[in-house]
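Here's the letter readout for the chains.
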Amino acid sequence: MSVSLSFQGKGSTRTPATGSLDKGVVHGSGSLQDGWRNLLIHGDNLEVMSALRGDLYGKVDLIYGDPPFFSGKDRHYRQGTEAKYAYGDTWPGGLPEYLEYIRARLELCRDLLADTGSIYIHLDPTVSHYVKVLMDEVFGPERFIREIIWRIGWVSGFKTRAKNWARNHDVILFYSKGPEFRFTKIFIPHEPGYRRRGEPGKAPGKCVDDVWVDMPSIQIMSFAQEKTGYDTQKNENLLERILAASSSAGDLVADVFCGSGTTLVVAERIGRRWVGVDISPAAIEVTQDRLEGIEGCREFEVIRRAEPGP
């Protein structure tokens, strides 16, 4: 299956491999699945999802979104000791502007999802309650599945200076498109010496619930090999859990705020098809580098929105 894109008003570039991101490139190796080629797309995800809707309406099995958090800050990525601008999370129109931005994109996500598909939206407690109301409106309150609490690190250093309870979690909202949705329970090993009713446990492990305390954020793990220097990078084991629970081999996964590319890296590694979108050229660059570093990476295409002519 091939996908054609036409960005309204901006145009797009889509040319053979040249090694230049600016011209649009094809990367990787390996066979295509039914003509499918994984896609890394630079552009406003509102435009991109609108363009994708023609070919992918109702065909995406899982969407993960890590949108701006309404932080009021510019975000950066580091190259060596230099911090470079990645994207802005500032909203002149305040919360109403932010929520309208999110609503428009949630509606497109709903259109792209398969009837058995699901969506995870990753936020922090600042606006997660507002966005939950939007998701109830867009998907229906009966499609709310879980609010996942993700412990993001250890309470030390700067966090302990707050004259308050130290914040130590993000919120991930999990919704389905329809009443039936794909889900596989995840188990982690029991603690050493675990016994159930006086006997060694025979279950495959501890069933993971909706409070995730066993995978702290890579953001505070400066020694982690997967760390890219991208401000808002999420760690691979977090996305591996989500993809393993809510998709199967060969399913189509989309990340419409792909940032440093963690979702795409995990999808590639565990055999999912994928589409990644981000408005930041820095995000596309970091993601492309990570994907090209995967041994045996399947062919993927980079599509860059062309700037308007003179």
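My aim in this report is to walk through the structure given alongside it, one point at a time.

Analysis parameters
Residues numbered from 1 in each chain as written. Predicted model: local features only at pLDDT ≥ 70, side-chain atom pairs only at ≥ 80, totals over all residues. Heavy atoms only, no water. Buried < 20%, exposed > 50% of the residue type's maximum accessible area, 1.4 Å probe, protein only. Helix = DSSP H or I, 4+ residues; strand = E, 2+ residues; numbered from the N terminus. Expected span 1.5 Å × (residues − 1). Polar contact = N/O pair within 3.5 Å; in protein donor to acceptor, adjacent residues only side chain to side chain. Phe/Tyr/Trp six-rings, centres within 6.5 Å; stacked < 30°, edge-to-face > 60°. Lys NZ or Arg CZ within 6 Å of the ring centre and 35° of its normal. Axes fitted to C-alpha atoms, helices over the stretch in contact; angles between N-to-C directions. Parallel < 35°, antiparallel > 145°, perpendicular 65-115°, else oblique. Left-handed = near helix turned anticlockwise from the far one by under 90°. Contact = heavy atoms within 4.5 Å. Nonpolar A, V, L, I, M, F, W, Y, C, P; charged D, E, K, R; others polar. Core = buried A, V, L, I, M, F, W, Y, C linked by side-chain atoms within 4.5 Å. Pairing = 2+ DSSP bridges. Right-handed = clockwise from strand over helix to strand, strands pointing away.

Topic: helix H4 (residues 236-246)
- Among the 11 residues in H4, eight count as buried, and that is most of the element.
- Of the residues making up H4, those classed as buried are Glu-236, Leu-238, Leu-239, Arg-241, Ile-242, Leu-243, Ala-245 and Ser-246.

Considering helix H6 (residues 281-292)
- Under the 1.5 Å per step criterion, the end-to-end length of H6 is 17 Å for 12 residues, consistent within 8% with the ideal 16 Å.
- Where H6 is concerned, the buried positions are Ala-282, Ala-283, Ile-284, Val-286, Thr-287, Gln-288, Arg-290 and Leu-291.
- Near the N-terminus of H6, the side chain that reaches the backbone nitrogen of Ala-282, with its oxygen 3.2 Å away, is that of Ser-280.

What to know about the packing of aromatic side chains
- Tallied over the full model, the rule gives 10 aromatic pairs.
- Taken together, the ring pairs in this structure connect Phe-70, Trp-91, Tyr-98, Tyr-101 and Phe-257 into an aromatic cluster.
- Over the ring of Trp-212 we find Arg-241, and its NZ or CZ is 5.1 Å from the ring centre.
- Here the guanidinium or amino end of Arg-273 rests over the ring plane of Trp-36, the centre of that ring lying 5.4 Å away.

Quick word on the packing of helix H1 (residues 45-56) against helix H2 (residues 94-112)
- The N-to-C vectors of H1 and H2 enclose an angle of 15 degrees; their axes lie 9 Å apart at closest approach. The orientation of H1 relative to H2 falls into the category roughly parallel. Here the hand of the crossing between H1 and H2 comes out left-handed. Residues Asn-45, Leu-46, Met-49, Ser-50, Leu-52, Arg-53 and Leu-56 of H1 form the contact with H2, whose participating residues are Tyr-101, Ala-104, Arg-105, Leu-108, Cys-109, Asp-111 and Leu-112.
- When its residues are assigned to classes, the contact of H1 with H2 shows nine nonpolar, two polar and three charged.

Description of the nonpolar core
- Leu-106, Ile-119, Val-131, Met-135 and Val-275 are the most contacted members of the largest nonpolar core, which totals 37 residues.
- If you tally residues by element for this core, the top one is H2, at seven residues.
- Beyond its immediate stretch of four places on either side in the chain, Val-131 contacts Tyr-98, Leu-99, Ile-102, Ile-121, Leu-123 and Leu-173.
- In terms of nonpolar packing, the next biggest core, distinct from the first, is built from 29 residues, Met-215, Ile-242, Val-265 and Ala-267 among them.

Side note on the packing of helix H5 (residues 262-269) against H6
- Close contact between H5 and H6 brings their axes to 9 Å; oriented N to C, the two are set at 20 degrees. One finds that H5 runs roughly parallel with respect to H6. Viewed along their axes, H5 and H6 form a crossing whose handedness is right-handed. Judged by residue contacts, Thr-262, Leu-264, Val-265 and Glu-268 of H5 engage Thr-287, Arg-290 and Leu-291 from H6.
- Among the residues making up the contact of H5 with H6, the classes are represented as three nonpolar, two polar and two charged.

A short note on the environment of Asp-89
- Within the element layout of this structure, Asp-89 appears in strand S6 (residues 82-89).
- The spatial distance from the C-alpha of Asp-89 to the C-alpha of Arg-75 is 7.2 Å, given a sequence separation of 14 residues.
- Polar contacts involving the side chain of Asp-89 include one to the main-chain amide nitrogen of Phe-69, which spans 3.1 Å.
- Reaching out from Asp-89, the side chain makes a polar contact with the backbone nitrogen of Phe-70 at a distance of 3.1 Å.

Observations regarding the pairing of strand S8 (residues 144-151)
- As defined by bridge partners, S8 adjoins strand S9 (residues 169-176) across seven bridges and the pair is classed as antiparallel. Bridge pairing links Ile-148 to Ile-172 in S9.
- Summarising the sheet, S8 and strand S14 (residues 211-212) pair through two bridges and their orientation is parallel. Residue pairing for S14: Trp-150 is matched across the bridge by Trp-212.

Observations regarding the side chain of Asp-170
- In this structure, Asp-170 sits in strand S9.
- At 2.9 Å, the side chain of Asp-170 and the side chain of His-122 are in polar contact.
- Within polar-contact distance, the side chain of Asp-170 engages the side chain of Arg-167 at 3.3 Å.
- In contact with Asp-170, other than residues within four places in its own chain, are Phe-69, His-122, Leu-123, Asp-124, Ile-148, Ile-149, Trp-150, Ile-152 and Lys-234.

Considerations on the pairing of strand S16 (residues 273-278)
- Within S16, six of the six residues are buried, leaving the element largely enclosed by the surrounding structure.
- Residues Arg-273, Val-275 and Val-277 of S16 are buried on one face, and the alternating residues Trp-274, Gly-276 and Asp-278, pointing to the opposite face, are buried as well.
- With four bridges connecting them, strand S3 (residues 38-42) and S16 associate as parallel partners. Bridge pairing links Leu-40 to Gly-276 in S16.
- Direction of pairing for strand S15 (residues 252-255) relative to S16: parallel, over a ladder of four bridges. Counted as the bridge partner of Leu-252 is Arg-273 from S16.
- On the question of chirality, the crossover connecting S15 to the parallel S16 by way of H5 is right-handed.

Keep in mind these values describe shape, not function.
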